[in-house]
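# Structural features, examined
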Amino acid sequence: MKKSSLAFLVGAIVVVGGGIWYMTHHSAQPASGNKLNGNGPQGPTTVSIIAPKRQDVPVVLQANGTVTPISTVDLHPQTTSTIAKVHIKEGQFVKSGELMFTLDDRTERANIDKAQAQVERDRAALADYERQYKRSMDLLAQKFIAQGAVDTLKSQVDSARAVLQADIAAVRGANVDASYTAIRAPMNGRVGAINVYPGSLVQMTTLLTSVTQLDPITVAFTLPETSLSGLMAAQREGAVPVQVTLDNSTLAVNGKLSFIDNTVDPVAGVIRVKAQFDNKDTALWPGQYVNTKLISHVLKDATVIPQNAIISNTRGTFVYAVDKDQSAKVVNIKRLYAFGENAAVSGLAGDEQVIVDGKQNLRPGGKVRVASADKPVDTKVDDSKQKG
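Residues numbered from 1 in each chain as written. Predicted model: local features only at pLDDT ≥ 70, side-chain atom pairs only at ≥ 80, totals over all residues. Heavy atoms only, no water.

### A word on the pattern of salt bridges
Overall, the coordinates contain 9 salt bridges when judged by the stated rule. Taken together, the shared-partner salt bridges connect E130, K154, D158 and R161 into one network. (Salt bridge = Lys/Arg side-chain N within 4 Å of Asp/Glu carboxyl O.)

Structure, rendered in structure tokens:
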């Protein structure tokens, strides 16, 4: 009994050991016809292709901008006086020349009266000298007086006439001083905060209020210096349209490019520009941040391919194309402008079969098989090909 049990146990061990040996040795051997193994030849990679397109591509530039008024004027008095009356309210829209503040003008009016009286006195003196000179000319003709006396009277007439002209100028100066007591709007615009009231003592350093022009209005923003040549060419051809949209709003306002700065910022590599907009409905307000968009130029008959076909690494920027022998070849390109899912590029003749899907498993010279339209391409990365 003990011998038969021992024999059965030994037989079982032999059977199990043989099975383990068979499994380990046969599983380690490569299957016949397996071509995807790193030790065997590599099969073709399934890819999808696309032909480059030819089309005109508008180059759209976008940037964040700030609404800036064309002009803002701070109003200061030009004389020391007191406020007699305030004719406007804060936030009011005023027209150019509209009366805003009146200062106490009693001193200025008195100076005008004084200057005018001086003019009348000197005009009477001049008339008296002119009568004396006329009589002296008659007496000189009769040889009753000497020529020297006539010359003296002539100089007195000229002097009196000059004094009169000086007094007339003094009257004009007094009128100018009096005009400083009426402060008017320098332009059409909106009044800011008013800092004085009737009875306030003001000096030349006192800020009365400010007037800001709101229509038209400008938006200032910066663009990359690489866009400068296109902007200059577009501006020479005519008005460059610019569109702005407000944050968190679909409202769009259309205007045109009005200013390109004369220098490029060498640190940031940008150029400062401005666009002007009609703002009758005051949709744009000074200090607002807006999104700007403009078309600097158009790439005529550009070569366009999908952006996901482009590969960029340490070797440069390139795409894979299907060669005549159904292998992958590298075509170096330059990305001119990217828009949406596509990009305008240079370096392609236009008749290539550019590989779009499946390129992640390719190496230069690797065989490819173009997938049919109803069979999707495997976009998973083959580790063996990446390591190889």
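### Quick notes on the sheet that holds strand β9 (residues 201-202)
Pairing within the open sheet is antiparallel, and its 4 strands lie in the order β7-β6-β4-β9. Either end of the sheet is taken by a strand with one partner, and the two such strands are β7 (182-184) and β9. Relative to β7, strand β6 (residues 99-103) is paired through 3 bridges, and the arrangement is antiparallel. By the bridge assignment for β7, T102 is matched with A182. (Pairing = 2+ DSSP bridges. Helix = DSSP H or I, 4+ residues; strand = E, 2+ residues; numbered from the N terminus.)

### Description of the packing of aromatic side chains
What the rule picks out here adds up to 2 aromatic pairs. The interplanar angle of 85° and the centroid separation of 5.7 Å between the aromatic rings of F318 and Y320 together place this pair among those described as edge-to-face. Of the residues examined, F318 reaches a relative accessible area of 3% and is grouped as buried. By relative accessible area, which is 5% here, Y320 ends up buried. The cationic tip of K274 hangs over the ring face of F259; the distance from NZ or CZ to the ring centre is 5.9 Å. (Phe/Tyr/Trp six-rings, centres within 6.5 Å; stacked < 30°, edge-to-face > 60°. Buried < 20%, exposed > 50% of the residue type's maximum accessible area, 1.4 Å probe, protein only. Lys NZ or Arg CZ within 6 Å of the ring centre and 35° of its normal.)

### Re helix α4 (residues 228-237)
Looking only at α4, the buried set comprises G230, L231 and A234. All buried residues of α4 fall inside an arc of 100° around its axis, so they share one side. For α4, exposure combined with an orientation more than 90 degrees from the buried face picks out S229 and R236. Contact partners of the buried residues in α4: β11 (217-224), β13 (252-265), β14 (270-277) and β15 (289-306). (Arc of directions from axis to C-beta. Contact = heavy atoms within 4.5 Å.)

### Some thoughts on the sheet that holds strand β10 (residues 209-212)
Sheet strands pair via backbone hydrogen bonds, and the direction of the pair is either parallel or antiparallel. In space, the 4 strands of this open sheet follow the order β3-β10-β8-β5, with antiparallel pairing throughout. Both edges of this open sheet fall to β3 (72-75) and β5 (93-94), since each of them pairs with a single strand only. In this structure, strand β8 (residues 189-191) lies alongside β10, joined through 2 bridges in antiparallel fashion. Opposite R190, over in β10, you have T212 as the bridge partner.

### Remarks on unusual backbone geometry
Put simply, D215 and P216 share a cis peptide bond, and its omega is -5°. Relative to the helices and strands, P216 is located in the loop between β10 and β11. In the Ramachandran plot, T282 falls in the positive-phi region, its phi being about 50° despite a non-glycine side chain. Take T282: it is sitting in the loop between β14 and β15. Under the relative-accessibility criterion, T282 is labelled partly exposed at 29%. At D301, a position not held by glycine, the phi torsion is positive, near 50°.

Read these as geometric descriptors, not functional statements.
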